Amino acid sequence: FEVKWDGIRAISYIDQDLRMLSRNGKELKLNFPELEELKTLASNVVLDGEIVVMKEGRADFQTMLERANASNPRDIEYMAGKSPATYVVFDILEKDGITLVTASLLERKRILSESLKEGANVVLSRFVDAEGQAYYEAAVGKGIEGIMAKRKVSPYESGVRSSSWLKIKKIALCDCVIFGYTKGEGAREGTFGALIVGLYDGE
C-alpha cells in the first residue's frame, strides 16, 4: 500500500538527457525546471512517478495545474521558486537498457531503491507491506485523496486498468448545478471531458 498522489503522472527517461512525458506525450520538464536534478540522481533508467506541488503537507492539484499550463519562461521560473514541485517516484521500467516490466513489483521496488538517490525535489514513494485499512484511514485523516493497493507479485502493466493495482479513494459528494461541459478527447471522445458546475450560495 502506498499514497495515491494527486498530481500529474510522468514517465521519465534519464540517459545523457532527461525527458519527462505526461500520459498524452507532453514534455513536462520545461514547466518544472527544478526536476532537472533527476539527471544527477539516476542514470540510464526509465522511471514512473507523479509530479506534485505540496502545500501544508498535502498535494495542491490546482497549483500544480497552473504550473503545468504556464508558458511564459518568467512565470515558470517564478512559480518554480514560489511553489516548487516534487517528483514522487514509485516504479522503474528499465535499467541500463534492460526492461523490468515483467519483474515483480517488489523486485522493481528493490532495483528502484538501488538506482535512484533522493534529492531536494525527488523522493521515493514509501509503502507499507500490511495494515492497509489503518494506512488508508491515516492517509484520509491527513487530507490525502486515498491510497493505492498493489499486488507484490504484479508486473508493470502499461496503459491498462488492472485488478493488480487498485485505487482506494474517499468519495466526497455535493449537489451541483451543471452549467456546461467541454468536449471529450482521446478515450472520452464519445462523451465529455469536464463539467462546469456551480454550488448554491444561500439562495
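Everything here concerns the structure above.
Engineer: In this structure, what is going on with the packing of aromatic side chains? I would like to understand it.
Structural biologist: Counted under the stated rule, the structure contains two aromatic pairs. When the centroid spacing of 6.3 Å and the interplanar angle of 75 degrees are considered together, the rings of Phe90 and Trp165 count as edge-to-face. Taken together, the residues span a long stretch of sequence, with Phe90 in strand 6 (residues 85-95) and Trp165 in strand 10 (residues 165-169) at a distance of 75 residues. Phe90 sits in the buried class, given a relative accessible area of 9%. Members of the aromatic cluster, each reached through a chain of ring pairs, are Phe90, Tyr156 and Trp165. Sitting over the face of the ring of Tyr13, Arg19 holds its NZ or CZ atom 4.4 Å from the ring centroid. Between Lys150 and the ring centre of Trp165, over which it is positioned, the NZ or CZ distance is 3.9 Å.

Engineer: Any chance you could explain the nonpolar core here in plain terms?
Structural biologist: One recurring pattern in soluble globular proteins is that nonpolar side chains are buried together. Core analysis: the biggest nonpolar cluster contains 27 residues, and Met20, Leu38, Leu47, Ile51, Tyr87 and Leu116 have the highest contact counts within it. Of all the elements in the fold, those that place two or more residues in this core are strand 2 (8-14), strand 3 (18-21), helix 1 (38-41), strand 4 (45-55), helix 2 (61-69), strand 6, helix 4 (105-115) and strand 8 (122-124). Sequence-distant contacts of Met20, that is, excluding residues within four places in its chain, are made with Ala10, Ile11, Ser12, Lys26, Glu27, Leu28, Lys29, Leu35, Leu38, Ile51 and Tyr87. Listed in part, the seven residues of the second largest apolar core include Tyr136, Ala139, Ile144 and Ile147.

Engineer: Can you walk me through the sheet that holds strand 10 in this structure?
Structural biologist: In a beta sheet, neighbouring strands are held together by backbone hydrogen bonds and run either parallel or antiparallel to one another. Spatially, three strands are ordered 1-9-10 in an open sheet, and the strand pairing comes out antiparallel. Sheet topology places strand 1 (2-3) and strand 10 at the edges, where each strand pairs with a single neighbour. Alignment of strand 9 (residues 146-150) against strand 10, held across five bridges, turns out to be antiparallel. Bridge assignment links Gly146 to a residue of strand 10, and that residue is Lys169. Docked against the sheet, helix 5 (residues 132-141) engages strand 1, strand 9 and strand 10, running at close to 155 degrees with respect to strand 9.

Engineer: For this particular structure, what's the right way to read the pattern of salt bridges?
Structural biologist: Two side chains carrying opposite charge are able to pair once their charged atoms lie near each other. Taken as a whole, this structure holds 14 salt bridges when the rule is applied. A salt bridge links Asp48 to Arg9, with the nearest nitrogen and oxygen atoms 2.7 Å apart. Taken together, the positions of Asp48 in strand 4 and Arg9 in strand 2 put the pair 39 residues apart, joining distant regions of the chain. Relative accessible area serves as the criterion here: at 22%, Arg9 is assigned to the partly exposed category. In the salt-bridge network here, residues are joined through shared partners; they are Glu2, Lys109 and Lys150.

Engineer: Can you walk me through the environment of Arg58 in this structure?
Structural biologist: By the secondary structure assignment, Arg58 is in strand 5 (residues 58-59). When its relative accessible area of 42% is taken as the criterion, Arg58 is described as partly exposed. In this structure, the C-alpha to C-alpha distance between Arg58 and Lys142, residues 84 residues apart in sequence, is 7.9 Å. Ignoring any residue separated from it by four or fewer positions in sequence, one finds Arg58 in contact with Val53, Lys142 and Gly143.

Engineer: It is not clear to me how the environment of Ile92 should be interpreted in this structure. Could you clarify?
Structural biologist: Among the structural elements, Ile92 can be located in strand 6. Among the residues examined, Ile92 registers a relative accessible area of 0% and is labelled buried. Sequence-wise, Ile92 and Ser115 are 23 residues apart; in three dimensions their C-alpha atoms are separated by 8.9 Å.

How each quantity is defined
- Residues numbered from 1 in each chain as written.
- Predicted model: local features only at pLDDT ≥ 70, side-chain atom pairs only at ≥ 80, totals over all residues.
- Heavy atoms only, no water.
- Phe/Tyr/Trp six-rings, centres within 6.5 Å; stacked < 30°, edge-to-face > 60°.
- Helix = DSSP H or I, 4+ residues; strand = E, 2+ residues; numbered from the N terminus.
- Buried < 20%, exposed > 50% of the residue type's maximum accessible area, 1.4 Å probe, protein only.
- Lys NZ or Arg CZ within 6 Å of the ring centre and 35° of its normal.
- Core = buried A, V, L, I, M, F, W, Y, C linked by side-chain atoms within 4.5 Å.
- Contact = heavy atoms within 4.5 Å.
- Pairing = 2+ DSSP bridges.
- Axes fitted to C-alpha atoms, helices over the stretch in contact; angles between N-to-C directions.
- Salt bridge = Lys/Arg side-chain N within 4 Å of Asp/Glu carboxyl O.

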